[in-house]
Every structure is written in C-alpha cells, then in structure tokens.
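# Structural description and commentary
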Amino acid sequence: MTGSDPRLAAIADKQEIAEVLYRYARGCDRADEAALRACFHPESSHNHGGFVGKSWDFVDRAMAICRPLKACKHMISNVLVTLAGDSAVSECHFWAHHRRINEESGAEEDYFTGGRYLDRFERRGGEWKIIARIGVGDFERFDPPSDRNMWTMPAGKISGKHPSDPIYGLEAGMEKGK
C-alpha cells in the first residue's frame, strides 16, 4: 500500500494508531465491550483515574460505568504519535460527558471531564494496539441537566448503545453490499 516511501508508511501507521483511539471513544460511548477490548493487547497495563491494573479489567469497569448512562460522549483530539519500528508512543487529549445519576442525591447530573491519554502501542501481526495506557486528568465539572429535553426526540435521532445505535446498522449494510 505505501510502497517504498517511508513517509507514506509513517502516515499510514499514525492514522491506524489514531483510529484505535477513535474506536476507544466509540466503544465507551456505545458501551461496546468488544470494540474496547480490541484496542488493547490482552496483557496491556492501565493507569487511569483510580484504576491501576490490566486494560482488559479496566474495560469491565468502563462497561459498568457506561452501560447505565443516559448519554455518554468521548472526544479525542490533538493526536501526536512518535514511531519507532513496531513500537509507538501517542499523546491525545480526551473530553468526556456523562449524563448520569448522582449517587448521593439520586438526581440526574452532567459530568464533564478532560485530560490526556499517554499510550504505548505495539504492532503485532500488522495491527497496532495499546500495550500501556496512562490517563492524566485536567478538569472535572458537575452540572445539573438543562431544562430542555432532547429525550423526546424520535427513535434513531438519539445516540444509542451497542447494538441498537444506528451506526451498527449502517456498517452491517456495508457488509451485505447495500
């Protein structure tokens, strides 16, 4: 695909790594456990928030957080990648919103957080995955929800969880040649 031009190979590698980061965000937002696990090598280490351990164990924790959320949005930006053969280091910014239930009051609240993911990647069998993640936080904010109610919109107009979100139907249609 990239021929003998090392610059094109580096661009392709960096794009593949960025797409792992984007799939991580989608996996959280759609509560898609398989998508999240596919971002990490099985022995990958994770140090993010109050969690220190294996990334696959972090996925269990993430699913316990994301599945019950009324809304979940993770955004990835400012992706920088340093390549060294089949190893890479990336830094990206994340911003997340969770519409959740406050455990103390029982009322809905909007939780916003942001920071950076500092990842080590390894390419194995031609596929880039995270082998170690450090998540560092920059801010947190808690707000009451607005009085506006987007939840009255018709089905298919509000993001959903895996497998009911419309993206999965679109992708399945591609596989069937539609």
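Keep in mind that this is a model prediction, so the values were computed, not measured.

What follows covers the overall build of the protein chain. The helix and strand inventory of the protein chain stands at 4 helices and 6 strands. In sequence order, the protein chain lays out its α and β elements as α-α-β-β-α-β-β-β-β-α. Scored against the burial criterion, the 178 residues of the protein chain give a buried share of 37%. Partitioning the intrachain contacts of the protein chain with sequence separation of at least 6 by distance along the chain shows that 56% fall at a separation of at least 24.

Our next topic: the confidence of the model for the protein chain. Residues shown with low pLDDT carry predicted positions that ought not to be read at fine detail. Counting all residues, the mean pLDDT for the protein chain is 92, and 94% of those residues have values of 70 or more. Taken element by element, the predicted model of the protein chain shows its lowest mean pLDDT in helix H4 (residues 166–175) (86) and its highest in strand E2 (residues 51–54) (98).

What follows covers the packing of aromatic side chains. The tally for this structure, following the rule as stated, stands at 6 aromatic pairs. Measuring from centroid to centroid gives 5.9 Å for Tyr24 and Phe40, while their planes differ by 90 degrees, and the two rings are edge-to-face. Residue Tyr24 is found in helix H1 (residues 6–29), and its partner Phe40 is found in strand E1 (residues 40–48); the two are separated by 16 residues along the sequence. Residue classification places Tyr24 among the buried residues on the basis of a relative accessible area of 3%. Pairing Trp95 with Phe112 gives two aromatic rings, centres 5.6 Å apart and planes at 45 degrees, and the pair type is tilted. With Trp95 in strand E4 (residues 87–101) and Phe112 in strand E5 (residues 108–124), the pair connects residues that are 17 residues apart, well separated along the chain. The exposure class of Trp95 is partly exposed, given its relative accessible area of 30%. Given a relative accessible area of 18%, Phe112 falls into the buried group. In textbook terms, an aromatic cluster arises when at least three aromatic residues are bridged by ring pairs, as seen for Tyr24, Phe40, Phe94 and Tyr117.

With that out of the way, let us pick up helix H3 (residues 55–66). An ideal rise of 1.5 Å per residue puts 16 Å on 12 residues; H3 measures up with 16 Å between its terminal C-alpha atoms. Of all the positions in H3, only Ser55, Phe58, Val59, Ala62, Met63 and Cys66 are classed as buried. Seen from one end, H3 has its buried residues packed into an arc of 145 degrees, which puts them on one side. Where H3 is buried, its residues touch H1, helix H2 (33–37), E1, E2 and strand E3 (71–84).

Procedures and definitions
Residues numbered from 1 in each chain as written. Predicted model: local features only at pLDDT ≥ 70, side-chain atom pairs only at ≥ 80, totals over all residues. Heavy atoms only, no water. Helix = DSSP H or I, 4+ residues; strand = E, 2+ residues; numbered from the N terminus. Buried < 20%, exposed > 50% of the residue type's maximum accessible area, 1.4 Å probe, protein only. Contact = heavy atoms within 4.5 Å. pLDDT = per-residue confidence, 0-100. Phe/Tyr/Trp six-rings, centres within 6.5 Å; stacked < 30°, edge-to-face > 60°. Expected span 1.5 Å × (residues − 1). Arc of directions from axis to C-beta.

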